[in-house]
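So you can see what is in the structure, the chains are spelled out below.
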Amino acid sequence: MWDNPSLRCLPAIAFLYLLSLICSQETGFPGAPQNLKCVTHDLNRTICSWDAASSASHGLTYKICYVNREPSSSECIETEEKRVDVPVTTGSTNIVITTLNASGTPLASETFVLPMENVSFIPFTPQILSLSPDFSTYTLHLKWNDTGSVFQYDLDAHWQIQILHKETMETVTLVNYDSKLTSKDTILSWNWTSDMPLECTSHSVKIRCYINESFFAGRKEWSEWSPIKTVPGKDVDPGNAVVFPEDKVVPVGSNMTFCCLYNEEECIRCMKYGSRSYPVLHLSKGRSAIKVQNVNASNSSGANVWCSLLPDIIAGTVLFVGYAPDKPQNLSCETRTFIIITCRWNPGRPTRLSGHRETQYILSERTSRKNVTCSINELNEKEHHCDFPVYTDQQIYSFTLTASNPLGQAESSLFIDINQRVNLETPDKFTVSINSSTNAHLSWYIPGNLTQIRLLCQIEISNSSSEQLQNVSMAGAENSNYRATADALRPYTMYTFRVRCSASEHFWKWSEWSKEQKLMTLETSPARGPDIWRERNPVGETLRVFWKPLLRSEANGEIVSHEVSCCLQETMLQAQDVPVPLNSTEINLGGSDCVISVVAKNRGGSSPPSRISSVDLPSDNVKTELAIATGDGIYISWHSDPSVTCGYTVKWCSSGSEPCSVDWETFPSNATDAVLKSAMFQPGVRYNFSVYGCKHNGYQLLQNIVGYMKELPPRVAPRFTVEETSSDSILVKWEDIPVEDCRGFLRGYVLYFAKGEKGTSKPSFMEEGSPELLVKNITDLTKKSLRILDLQGKTSYRLDLRAYTVGGLGPSNDLYVVTKENSMGLIIAILIPVAVAVVLGVVTSILCYRKREWIKETFYPDIPNPENSKALQFQKNICEGNTALKTLEMNPCTPNSVEVVETQSTVPKIEDTEMKSPVVEYEIPEDGSDPETGSHVVVSYCPPIIEEEEISSPPVDESGESSQVIYIDIQSMYQPQVNLEEEPDVNFLTSAGYKPQMQLSVNAMKMESHSPTEDDLDETAGYRPQANTNAWKLDSPDSPISIESNNENGSFGSPCSINSRQFLIPPKDYEDSPSHNNTGWSFTNFFQNKPND
């Protein structure tokens, strides 16, 4: 079992442990190790260091024994240094450190357990190999070794690079840089561009490293900073100030820093960019700077930077601001002679740089590996080009065009087949020769070695009326003349010739046109005879012959004359030669018809003859029809005639023109319509057309047609007059418009009429769409008059009459007319209101007569006169001398006789909240007789003097009935209510007197029905102001039995007339009550008859 090394180590470990315990128990020894720290730089070995308890370590040695758990191993090392190098393990390590004296005796021992988490991974301090400046670009070039060979496998490394400047080591920037460690040393490089010229001040660099090992369980830390590398600024000679950068080229929009270097004894005054001063930044002694943001493009000479020092020292530099070159656009390469290849391109945006700073172009070809530097003046040329030589036996070319300037470069590439990019030179020495009337010979010269292609040349042949292109193919040659023939030309025509060429098999571009050559072809005889027509003089034996000039393309030369002859059966009767420009002549027939022939002549010969017969066949019933205007011509049609064998001729001339300019046109025999167009046709002019049929024995007139090329509105307005007027109508008559003023076929007339006064401007309602404007459209052209009806009498009207065609309305002609007064209408207007008033009066009278009683009762009922009442005729000895005596005044008087009709009535029973009428309604006849019994009672009457305190409280007999009337003092209704218990002995019957209003206390009085005796009736008979008490409205709010009444002195209402059935002054609540009796006025009562009517 002891063969296992790990087992053999166990006794040693146990021994060391016991020894450490013994040593640790020794007190007072100062050399015991402590504060163990372990660091790894390469993940392979760990460097551990510790501190001793005492500084007296001379002659001491240390024995370090460490045991690794994974993998299991142990080792002991003796050293005089307080550090040890142990391998890196994945697990924890037990380290025992024993302090030995010079003789090797252990003085102290300490055991440390070192887990991997307590080990720090700190890479080696990086070393900068070089730091070199590039002053022209403000760039620092940094190089260092990544020491990757110390690691056994690849790792990710992170670097921090710190840039410092000035003597004070101010930090400019801190940059992170990543790399890959590949188990071998690699030189890393990094560039940094400063915003300040490197000459302005010193710049320093230092770096450190951090390695991210994901499987390492311990702490990972940055390495130490490398030693600083410094690039010093530029020094200046005494008395010489310098501004940096010098002649710098920067892109537009850059942010610039300019520095001025001067001696420390000097003092800076200001710094300017262009004409503007900027704040000065002091970098150090003798070094100042300014910052300019977003600089604009400068001119070709650049922008000046000034540094002014005291007393009078000025230094400066120039800044050139522009653009980097654009990528060459639309690069195209072609050959013209197969000797050189010309490439063209568009440079794009100008760079604003000139001289040696402007864009340089290099054209390189990959196959031949040749380069050509292009000479370009960027400021003067918009499209750039460059020539490249053509190499023998090379057909394919691959070009790359590079554009560069101090701010950058750009490239464009192109791949071409030279045989497919041929743009030949412009044909030179172009000549044209003619030796006939229809042919021409052409010759031209093209430079270049064109033997390997065929040419396709295009000849342009044009004259005043046409243009044609003629293509000619031919083999190419070297610097050769080429020839071609143009045929099918017109005689006596001025032609213009020019030519251009290109490659035939692979067309790319036409060459430029050659110079023009003009030449006229020769004359020849006219191609045909002229168109002819004849007109027979109706009164004589002469005949006028007309012909039309031939077109230039038909004349084949210049016509000098026309030969006109008259032949009869192949025998020429007469002939004459008519020079130009005459186009007609007169022939004397001499009583016989003949065939007329016309021949046109020029210097090249005579035309074929044109023939026409002089015979006019008779025509019957020739009709006249209308043509149709088309806007640019006239459409006509005619009926087909089967006997026509040699076509139709349509002759026309304008209507009304003298002399008539004759024109004609011929059509084949199968034609029945045509659209005639002529330069003679004018809008609004009427033309008369005659259609002739050509038969074997002569011409016959078949049809007449009139028409317009384009119809226009009439030129003048129709003349019209008012022939007759009445109170409701106007008769208008008008005249026809002359034909030459119609300017179209008249379609009708439009008559506008509306109310209007003469001398005023056209009223607004005369405009179209006005509701007061009336329009009459007259389409019957045979009518020459119109009667306008339904007008108002004695009214002024304005009349406008216009004629119209398809072209529109013509001008208007207006008249003002006043209609006559309508007497019958005035009479009717007067009689109708009178009749209506009479009828209404009669109907009203009849209704009032039939309803006279109802009207009387409703609006003015009878009110009795108290002076005529027998009850108020007082004795003279009582009332004599009292002139102010009133009917209702309560003064003593001698009783008088009052007739009271005796009727049986029910005595009302009055309780706390209910009161019944004490009298049953009855009627008294007008003659004073009783309608039933004829009996009546006469009682004496004298209104007693009733004091204000007096209250009538009659006894009530519930079992009796009486016809008496109960009276209450009218003045007592305004007095406070009296308690009935205080005067219980008051006799109700004996206290009866003239009391128009009954006042009862609703809560204190209770009446019951009873039958009075005859004595009582005699005593109580007297004046009874109401004939029918049942008509009283007792449920009004102010009635004695009304619950709603707040009146303690309730009464039966207001005073009434003896003959009236209504209260004279009804209460307001009674008027407003919806349940009142139907005794007032209503509209339905007006149409109802009373039963007694």
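Computed from a predicted model, the values in this text were never measured in an experiment.

Asker: Tell me about the packing of aromatic side chains, and please be specific about residues and values.
Answerer: For the structure on display, the rule yields 24 aromatic pairs. Each ring, one from Phe 258 and one from Tyr 273, has its centre 5.8 Å from the other, and the planes form 20°; the classification is stacked. Here the residue Phe 258 occupies a position in strand E19 (residues 256-261), and Tyr 273 occupies one in strand E20 (residues 267-273), the gap between them amounting to 15 residues. Phe 258 gets classed as buried once you look at its relative accessible area, which sits at 0%. An aromatic cluster of at least three residues, connected via ring pairs, comprises Phe 388, Tyr 391, Tyr 397 and Phe 399. Taking the ring centre of Trp 222 as reference, the NZ or CZ of Arg 208 above it sits at 4.7 Å. Positioned above the aromatic ring of Tyr 445 is the side chain of Lys 429, whose terminal nitrogen or guanidinium carbon lies 4.9 Å from the ring centre.

Asker: Now, about the confidence of the model for the protein: what can you tell me, with residues and values included?
Answerer: Note that predicted coordinates carrying low pLDDT should not be read in detail. Looking at the protein as a whole, the pLDDT averages 78, with 73% of positions reaching at least 70. Counted against residues more than four places away or in other chains, residues 876-880, with its pLDDT under 50, gives 8 contacts. Scored below 50 in pLDDT, residues 1026-1064 shows 99 contacts in the model against residues more than four places distant or in partner chains.

Asker: For a nonpolar patch on the surface, give the residues involved together with the corresponding values.
Answerer: Judged by side-chain polarity, Met 824, Ile 827, Ile 828, Leu 831, Ile 832, Val 836 and Leu 840 come together as a nonpolar surface patch covering roughly 670 Å² of accessible area. By secondary structure assignment, the location of Leu 831 is in helix H4 (residues 823-850).

Asker: Hey, could you go over the state of the cysteines for me, with residue numbers and the actual values?
Answerer: If you walk through the whole model with that rule in mind, you get 9 disulfides. Bridging Cys 200 to Cys 259, the disulfide has an S-S length of 1.6 Å. Disulfide Cys 200-Cys 259: the torsion about the S-S bond is -80°, which places it as left-handed. Placement of Cys 200 in the loop between strand E13 (187-193) and strand E14 (203-212) and of Cys 259 in strand E19 is noted, with a sequence separation of 59 residues between them. Assessed through its relative accessible area of 0%, Cys 200 is described here as buried. Taking relative accessible area as the criterion, Cys 259 reaches 0% and is therefore assigned buried. There is a disulfide in this structure between Cys 374 and Cys 386, and the S-S distance comes to 2.1 Å. Where Cys 374 bonds to Cys 386 through sulfur, the torsion about that S-S bond is close to -90°, and the disulfide is left-handed. Taken together, the positions of Cys 374 in strand E29 (residues 370-374) and Cys 386 in strand E30 (residues 384-389) put the pair 12 residues apart, joining distant regions of the chain. Neither residue differs from the other here; Cys 374 and Cys 386 are each classed as buried. No disulfide involves Cys 270; its sulfur sits 8.0 Å from the nearest other cysteine sulfur, which is in Cys 307.

Asker: Would you mind going over the nonpolar core in detail, with residue names and values included?
Answerer: Counting 44 residues, the largest nonpolar core has Phe 399, Trp 444, Leu 455 and Phe 497 as the members making the most contacts within it. Per-element accounting of this core gives the leading share, 5 residues, to strand E38 (residues 494-503). For Phe 399, the residues in contact, after removing those within four places along its chain, are Cys 333, Ile 341, Cys 343, Leu 363, Ser 364, Glu 365, Phe 388, Ser 412, Ser 413, Leu 414 and Ile 416. In terms of nonpolar packing, the next biggest core, distinct from the first, is built from 40 residues, Leu 43, Ala 52, Ile 95 and Leu 198 among them.

Asker: Could you give an account of the pattern of salt bridges, naming the residues involved and the relevant values?
Answerer: Summed over all chains, the structure comprises 26 salt bridges. The partner of Arg 528 in a salt bridge is Glu 554, and the shortest N-O contact between them spans 3.2 Å. Of the two residues, Arg 528 is situated in the loop between strand E39 (517-520) and strand E40 (532-536) and Glu 554 in helix H2 (residues 552-555); the sequence distance between them amounts to 26 residues. Judged by relative accessible area, which is 30%, Arg 528 ranks as partly exposed. Through salt bridges with shared partners, one network takes in Glu 523, Glu 558 and Arg 603.

Asker: Explain the sheet that holds strand E8 (residues 119-121) residue by residue, including any values.
Answerer: What the 5 strands build is an open sheet, ordered E5-E2-E1-E8-E15; its pairing is mixed. Because the sheet does not close on itself, it has two edges, and the strands there are strand E5 (83-87) and strand E15 (219-220). Strand direction decides the pairing type here: E8 and E15, joined by 2 bridges, are parallel. Paired with Ser 120 across the strands is Arg 219, a residue of E15.

Asker: Quick rundown of the side chain of Asn 602? Include the residues and the values.
Answerer: Turning to its location among the elements, Asn 602 is positioned in strand E45 (residues 595-602). One polar contact links the side chain of Asn 602 to the main-chain carbonyl oxygen of Thr 524, over a distance of 2.8 Å. From its side chain, Asn 602 meets the backbone nitrogen of Gly 605 in a polar contact 2.9 Å long. The contacts of Asn 602, once residues within four sequence positions are left out, are Glu 523, Thr 524, Ser 525, Pro 526, Ala 555, Asn 556, Gly 557, Glu 558, Ile 559 and Val 560.

Asker: Before we move on, can you summarise the sheet that holds strand E50 (residues 628-629) with the specific residues and values?
Answerer: Pairing between sheet strands relies on hydrogen bonds along the backbone, with the strands arranged either parallel or antiparallel. Taken together, the 3 strands give an open sheet; going across it, the order is E50-E51-E54, and neighbouring strands pair in antiparallel fashion. This sheet does not close on itself; its edge strands, each paired only once, are E50 and strand E54 (673-676).

Asker: Run through the environment of Ser 610, naming residues and quoting values.
Answerer: Along the chain, the position of Ser 610 falls in strand E47 (residues 610-613). Along the backbone, Ser 610 and Pro 530 are 80 residues apart, and their C-alpha atoms lie at a distance of 6.3 Å. The residues touching Ser 610, leaving out its near neighbours within four places in the chain, are Gly 529, Pro 530, Ile 532, Ile 596, Ser 597 and Val 598. Polar side-chain contacts of Ser 610 include one of 2.7 Å to the backbone oxygen of Pro 530.

Procedures and definitions
- Here, residues in each chain are numbered from 1, in the same order as that chain's written sequence.
- Only residues with pLDDT of at least 70 are given local features in this predicted model, and only at 80 or more are side-chain atom pairs given and counted; all residues enter the totals for whole chains, interfaces and linings.
- As a rule here, side-chain values cover all heavy atoms of the structure and leave hydrogens and water aside.
- When two rings of Phe, Tyr or Trp (its six-membered ring) have centres within 6.5 Å they constitute a pair, described as stacked for plane angles under 30 degrees, edge-to-face for angles over 60, and tilted for the intermediate range.
- A run of DSSP states H or I qualifies as a helix once it reaches four residues; a run of E qualifies as a strand once it reaches two. Both are numbered from the N-terminal end.
- Here's how the labels work: a residue is buried when its accessible area is under 20% of the maximum for its type, exposed when over 50%, partly exposed in between, all with a 1.4 Å probe on protein chains only.
- A ring is considered to have a charge above it if a Lys NZ or an Arg CZ atom is located within 6 Å of its centre and within 35 degrees of its normal.
- A score from 0 to 100, pLDDT tells how confident the predictor is in each residue.
- Residue contacts are defined here by distance: any two heavy atoms, one from each residue, within 4.5 Å place the two residues in contact.
- Exposure above 30% relative accessible area and the absence of a salt bridge qualify a residue for a patch, where like charges join within 9 Å and nonpolar side chains (Val, Leu, Ile, Met, Phe, Trp, Tyr) within 5 Å.
- Per-residue and other accessible areas follow the Shrake-Rupley method at a 1.4 Å probe size, with only the shown protein chains counted as cover for residues.
- Counted as salt bridges are all cases of a side-chain nitrogen of Lys or Arg within 4 Å of a carboxyl oxygen of Asp or Glu.
- In what follows, a disulfide is any cysteine sulfur pair within 2.5 Å.
- The term nonpolar core refers to a set of buried residues drawn from Ala, Val, Leu, Ile, Met, Phe, Trp, Tyr and Cys, joined through side-chain atoms within 4.5 Å.
- Pairing between strands is defined by DSSP: at least two bridges between the two strands are required.
- Polar contact is defined as a pair of N or O atoms within 3.5 Å, subject to the rule that within protein one atom must be able to donate a hydrogen and the other to accept it, and that residues adjacent in sequence are counted only when both atoms are side-chain atoms.

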